[in-house]
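Structural description and commentary
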Amino acid sequence: MIQISDVLLSLTLLSVLLSLGSNRLMGLVKIMAFQGIVVSLIPFFIAHLNEMTIGGIFFLQIMIFTKGILIPGFMFMAVNRVKIQREIEPIIGYHASVFAGLIFILVSAFIADRLHISLPDEHVLLMITAITTLAAGLFLLMTRRKAITQVIGYLMMENGIYLIGTALAKETHTQYVVEFGVLLDLLVGIMVMGIVLHNINHAYDDVDTGLLGQLKD
Amino acid sequence: MLEFICLIPIFTGIFAMYLPVRMGRMILILTAFFHLQFVVLGWLGKIKPGLPDYFAATPEGLLILLVTSFIFLLISIYAVSYMRESEIQSEPIYIGCTLFFLASMSMVALADHLIVLWIAVEATTLVSAPLIFLHRSKAALEATWKYVLICSVGIALALLGCFFIVMSMNIGSTHIPLTFSSLTAAAAKLDPVWLKAGFIFTVIGYGTKMGLAPMHTWLPDAHSEAPSPASALLSGALLNCAFLGVYRTHKILYASGLGDYSSNLLIGFGLVSMFVAAIFIYNQSGYKRMLAYSSIENMGIIAFGVGIGGLATYGAMLHLIHHSLIKSSLFLSAGNILLGYGSKLANKTGNMAKMLPKTFTAFFAGFVGISGFPPFGIFVSELLIIMGAFQQGRYISISVFIFALIFIFAGASRLVMNMSFGKCDSEILVDENLARVLPSYTLLLTSIILCIWLPDSIYQTIIDVISTIGGSVNG
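Residues numbered from 1 in each chain as written. Chains lettered and ligands numbered in written order. Predicted model: local features only at pLDDT ≥ 70, side-chain atom pairs only at ≥ 80, totals over all residues.

**A look at the overall build of chain A**
Broken down by element type, chain A carries 8 helices and 0 strands. In sequence order, chain A lays out its α and β elements as α-α-α-α-α-α-α-α. When each of the 217 residues of chain A is scored for burial, the buried share is 45%. Once local pairs closer than 6 in sequence are excluded, the contacts in chain A between residues at least 24 apart make up 74%. (Helix = DSSP H or I, 4+ residues; strand = E, 2+ residues; numbered from the N terminus. Buried ≥ 20, exposed ≤ 12 C-beta atoms within 10 Å, placed from the backbone. Contact = placed C-beta atoms within 7 Å.)

Structural data, given as structure tokens:
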């Protein structure tokens, strides 16, 4: 029998690799919308249905709405507004990035294996996906120059944190902790707002943080 | 209702955003004044928390809350005069956001729940970002972008740290509320491996906000580009609040017998911060950036002192108080200098002793204080930390510590001497006035007074704070 949760996890991994290799901003935003929906569905299929509380289901809907619709919608607006199509000259190239993504999967498999002692069995795959997503997000954040791509990297990192929380949250469903990760989306929203409203576009010809390089020692 | 301390600034802040600027200024000072009143009432134990599951009046929280509230009052008196001179169009935003900022920092100080603390720290980032962007220049935009992005990553990692701490609780199969006080009480039952992992992520997360190297990169930019009253608040109040997050987690680790591990991490981060600050101060050309790096250094000293334990923790707590007082005074003087000369570069300023004598007195006295000379409190606190480290036999760390202090003094004094007595051809754009020097004098004077006479209740509170992490005044 195919586990739906495993399918979702592999879809997440796929979206991570796709986002590392893509240079079209519009494509990136679409991938992030897809990843957001998949990631927020995972806890629903991991938890046993009768364990889901009403609050849990409510939070699930909020998660799908913010991660899948609200934030990507915002980003869609931002990309349209600043009229840039491609991420040019990343600090590390696309092929190298995808390769790095593959290495992340290996390393996370290793880490998840080491954590094996203290994790329930079915969560190992989840842990691998989570750490990969987190690492790839940080990687994207550090190796891309455009402000919007950095925000996308941050969003991906946040998805990874949400997944780690889900993996660890087996017994925490009595206390809402993981769900507060949704507040990080607030920060993402603010950053995108910053790009749209706060003249990053006006102050520069391009939303390129490479131009944000005046302040240094 | 202890929560009023957080709620009052929120409400007045919303009003101030929509009222005319003149009334907004009144509201700012009045709120600061009433906030201080409430904090003193809370300090005396007259008001109890309404939601004891989430908020508590812990000694460390009260200590930092009192410092924050006190410097906020003086900074807002200064800010009113500063804003009038620098003609910022978006002044209502400044007033509203500083009030929200005060509210979120009070929430950090009073929070007892892991997640409430985390939310409050996130809120400080959100509401202080507009303060940094106030001048709307290219450089301000860059500083704000760095600040929001880097601090957001830090906050995300701190959340991960919270997950790990919850995990350690689950594995130890303890079912207690997720508050710092109950976690500390039940620390022995927590799983040590996950707790250690949680501490690492918490230190990296909140340490980013606190300005510990190597996560400090946002700090010099944000502090130098923000308008001076906001820089004073960031340096004097926000960094302490972020330190609270680190400190409270350290307390849990100490209670569960992992004190050595977390202490060594704190000592490491502290020394690296001091070292980085020393390198960057030595060849610094901007005086506000110099002050910002000095904040990194002082946060390093506090982390170092807490890590060493024993007598040094007492020194670290004193250092925290005096650093806030002196550094915010220095930033306020820097604001006067910026208004006077119109430049943040030290070589565009000069002969301050003649041209801005009142500001010069405050700035130079502040410099003497921050470098650790008597009669200011940092002299005592640094001496106590050094003595504490010798008692613990940490000779290598203490030699790095002393070396960094000397190096920083050498770099900073060159800059300050040039600014004070060097040549300058330019004219003063905006003259100094009493409203903009009195707050600095008051802050410095408070530091001297606290050095000579520490009120018993403050002394007792510091003892309560440090006794939970194994500190004592007797070594």
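**A look at the nonpolar core**
Judged by nonpolar contacts, the single largest core of 243 residues is most densely connected at B:Val108, B:Ile132, B:Leu159, B:Cys162 and B:Phe163. Top element by residues in this core is helix H6 (residues 138–171) of chain B. It accounts for 23 residues. (Core = buried A, V, L, I, M, F, W, Y, C linked by C-beta atoms within 7 Å.)

**Section: the packing of helix H13 (residues 311–341) of chain B against helix H19 (residues 456–467) of chain B**
All names here are of chain B. H19 packs onto H13 with a crossing angle of 125° between their chain directions and a minimal axis gap of 10 Å. With respect to H19, the axis of H13 lies oblique. Crossing geometry of H13 relative to H19 is assigned as right-handed. Every residue of H19 that contacts H13 at Thr313, Tyr314 and Met317 is listed here: Ile462, Val465 and Ile466. Looking at the contact of H13 with H19 residue by residue, the class counts come to 5 nonpolar, 1 polar and no charged. (Axes fitted to C-alpha atoms, helices over the stretch in contact; angles between N-to-C directions. Parallel < 35°, antiparallel > 145°, perpendicular 65-115°, else oblique. Left-handed = near helix turned anticlockwise from the far one by under 90°. Nonpolar A, V, L, I, M, F, W, Y, C, P; charged D, E, K, R; others polar.)

**Looking at unusual backbone geometry**
All names here are of chain B. The omega torsion of the bond from alanine 213 to proline 214 falls at 5°, within 30 degrees of zero and hence cis. With respect to the helices and strands, the residue proline 214 is situated in the loop between helix H8 (192–210) and helix H9 (218–225). Residue proline 375 is bonded to the preceding proline 374 through a cis peptide linkage, with omega at 10°. Along the chain, proline 375 falls in the loop between helix H15 (357–370) and helix H16 (377–392). Residues other than glycine seldom take positive phi values, yet arginine 136 does so here, at roughly 55°. Mapping arginine 136 onto the fold places it in the loop between helix H5 (114–132) and H6. C-beta crowding within 10 Å serves as the criterion here: with 14 such atoms nearby, arginine 136 is assigned to the partly exposed category.

**Here's the deal with helix H12 (residues 287–308) of chain B**
With 22 residues, H12(B) extends 31 Å between its outermost C-alpha atoms, agreeing within 8% with the 32 Å of an ideal straight helix rising 1.5 Å per residue. Along H12(B), 22 of the 22 residues are buried, which leaves the element largely enclosed by surrounding structure. (Expected span 1.5 Å × (residues − 1).)

**Considerations on the confidence of the model for chain A**
For chain A, per-residue confidence averages 80 on the pLDDT scale, and 77% of positions sit at 70 or higher. A low-confidence stretch, residues 201–207 of chain A stays under pLDDT 50, and its non-local contacts, those more than four residues away or across chains, total 14 contacts. (pLDDT = per-residue confidence, 0-100.)

**Some points on the confidence of the model for chain B**
Residue and element names in this part refer to chain B. Taken as a whole, chain B shows an average pLDDT of 91; of its residues, 100% reach a score of 70 or greater. The least confident element of chain B, judged by mean pLDDT, is helix H14 (residues 352–355) at 87; the most confident is H12 at 94. The ipTM value of the predicted complex is 0.89, and its pTM value is 0.92.

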